[in-house]
Amino acid sequence: MKIVVLNGSPRKGNTHALLKAFMEGANSHEIYYFDLSIEKVQPCEACDACEKLNGICIHEDATNEILSAIIKADAIVFGSPVYWWGISAQLKAIIDKMYAFHFYKYNLPGKKVGLITVGGDDVDALQYQLISDQFKCITDFLKWDFQFDKAFCAYDIGEIQNDKDSLEICRQLHKKL
C-alpha cells in the first residue's frame, strides 16, 4: 500500500511525533512523507490555470509533487495541530490545491484517509469536532473512505513524546487503512 503522510505542523513538536509513530507502525508500506513546513505550498489564487493545464498548478512550489504523490497513493494521512478551531494554514494550503486535480483531471474515488490532530484542549472539545466534520465533508465530496480520525491532547511542545500510550495508538493506526 502506498501511503502519503502530510505533516501540517510548522514545527517539530507533537504532530511530528505522532506522525513519526504512525510511520514506524506502517513501515511495511510504501510511505511518502511531506513536511509542509519545509515543502512550501503557495495559497491557491483561484487563477484557474490548472483548468487549462490539465490539473497542473503554475506555482513553482511543492504543489505538483505532492498532488502527484496523492494521485498515486492508496491512502493519505493528514496530520495537523489545532489552531483556532481548525487545521494549520500549511495543511489547508495543500487541501485547497487539491481543487486542481479533482475537478480538472482526475477522479480518485476510494482512497483511504486518516486524520491525526493534536491540540491543547480536551479531545472532546468543539475544535476537534469541527475539524472532523470538515474532513468528513471533504472525503464525502471526493468519494474517499474516511478510515480514522484520532485526536490527542498535548499543550506544550514535545509533550506527546512522553505519552507512550498515544504514540502506541498511532503506531497501530495503519491497520485501519
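The coordinates are above.
Residues numbered from 1 in each chain as written. Predicted model: local features only at pLDDT ≥ 70, side-chain atom pairs only at ≥ 80, totals over all residues. Heavy atoms only, no water.

Novice: Could you give an account of the pairing of strand E3 (residues 75–81), naming the residues involved and the relevant values?
Specialist: Buried residues dominate E3, accounting for seven of its seven residues. Judged by which residues are buried, E3 turns out to be covered on both faces: Ala75, Val77, Gly79 and Pro81 on one side and Ile76, Phe78 and Ser80 on the other are all buried. Where E3 meets strand E4 (residues 112–119), seven bridges bridge the pair, whose relative direction is parallel. Counterpart to Ala75 in the pairing with E4 is Lys112. (Buried < 20%, exposed > 50% of the residue type's maximum accessible area, 1.4 Å probe, protein only. Helix = DSSP H or I, 4+ residues; strand = E, 2+ residues; numbered from the N terminus. Pairing = 2+ DSSP bridges.)

Novice: Quick one: what's the story with the environment of Asp165, residue by residue and with numbers?
Specialist: For Asp165, the location among the structural elements is in helix H6 (residues 164–172). Counting along the chain gives 149 residues from Asp165 to His16, while the straight-line C-alpha distance between them is 16 Å.

Novice: How would you summarise the pairing of strand E2 (residues 30–35) if you had to cite specific residues and measurements?
Specialist: Bridge analysis of strand E1 (residues 2–7) against E2 gives six bridges, and the strand direction is parallel. Along E2, the bridge assignment pairs Lys2 with Glu30. Each parallel crossover has a hand, and the one from E1 via helix H1 (residues 14–25) to E2 is right-handed. (Right-handed = clockwise from strand over helix to strand, strands pointing away.)

Novice: Could you give an account of a nonpolar patch on the surface, with specific residues and numbers?
Specialist: Among the surface-exposed residues, Tyr83, Trp84, Trp85, Leu126 and Leu130 lie close enough to one another that they form a single nonpolar patch of about 610 Å² accessible area. Examined against the element boundaries, Leu130 turns out to sit in helix H5 (residues 126–142). (Patch = residues over 30% accessible without salt bridge, like charges linked within 9 Å, V, L, I, M, F, W, Y side chains within 5 Å. Areas by Shrake-Rupley, 256 points an atom, 1.4 Å probe, with all protein chains shown as cover. Salt bridge = Lys/Arg side-chain N within 4 Å of Asp/Glu carboxyl O.)

Novice: How would you sum up unusual backbone geometry? Please name residues and give values.
Specialist: In the Ramachandran plot, Asp48 falls in the positive-phi region, its phi being about 65° despite a non-glycine side chain. Counting through the fold element by element, Asp48 comes out in the loop between E2 and helix H2 (49–52). One non-glycine residue, Trp85, lies in the positive phi region at around 65°. Summarising the element assignment, Trp85 is placed in the loop between E3 and helix H4 (89–104). On the accessibility criterion, Trp85 (46% relative accessible area) is partly exposed.

Novice: So what about the side chain of Lys97? Which residues, and what values?
Specialist: Examined against the element boundaries, Lys97 turns out to sit in helix H4. A polar atom in the side chain of Lys97 sits 3.3 Å from the side chain of His59. Dropping the residues within four chain positions of it, Lys97 is found in contact with Val41, Gln42, Pro43, Cys44, Cys57, His59, Asp61, Thr63 and Leu67. (Polar contact = N/O pair within 3.5 Å; in protein donor to acceptor, adjacent residues only side chain to side chain. Contact = heavy atoms within 4.5 Å.)

Novice: Requested: an account of H5, with residues and values cited.
Specialist: For H5, with 17 residues, the first-to-last C-alpha span of 24 Å sits near the 24 Å given by 1.5 Å per residue. If you check which residues of H5 are buried, you get Gln127, Tyr128, Ile131, Ser132, Phe135, Ile138, Thr139 and Leu142. Seen end-on, H5 carries its buried residues on one side only, within an arc spanning 130°. Opposite the buried face of H5, at more than 90 degrees from it, the exposed residues are Leu126, Cys137 and Asp140. The positive-phi residue at the C-terminal boundary of H5 is Lys143, with phi of around 60°. (Expected span 1.5 Å × (residues − 1). Arc of directions from axis to C-beta.)

Novice: I'd love a proper account of the nonpolar core, names of residues and values included.
Specialist: Counting 33 residues, the largest nonpolar core has Leu6, Ile66, Ile70, Phe78 and Leu91 as its most contacted members. Of all the secondary-structure elements, those providing two or more residues to this core are E1, helix H3 (63–72), E3, H4, E4 and H5. Of the residues forming this core, the biggest block, six residues, is contributed by H4. If near-sequence neighbours (up to four positions away) are discounted, Leu91 is found in contact with Leu6, Gly8, Leu36, Phe78, Gly79, Ser80 and Phe135. Ranked by size, the runner-up nonpolar core spans 21 residues in total, among them Ala17, Ala21, Val118 and Ala154. (Core = buried A, V, L, I, M, F, W, Y, C linked by side-chain atoms within 4.5 Å.)

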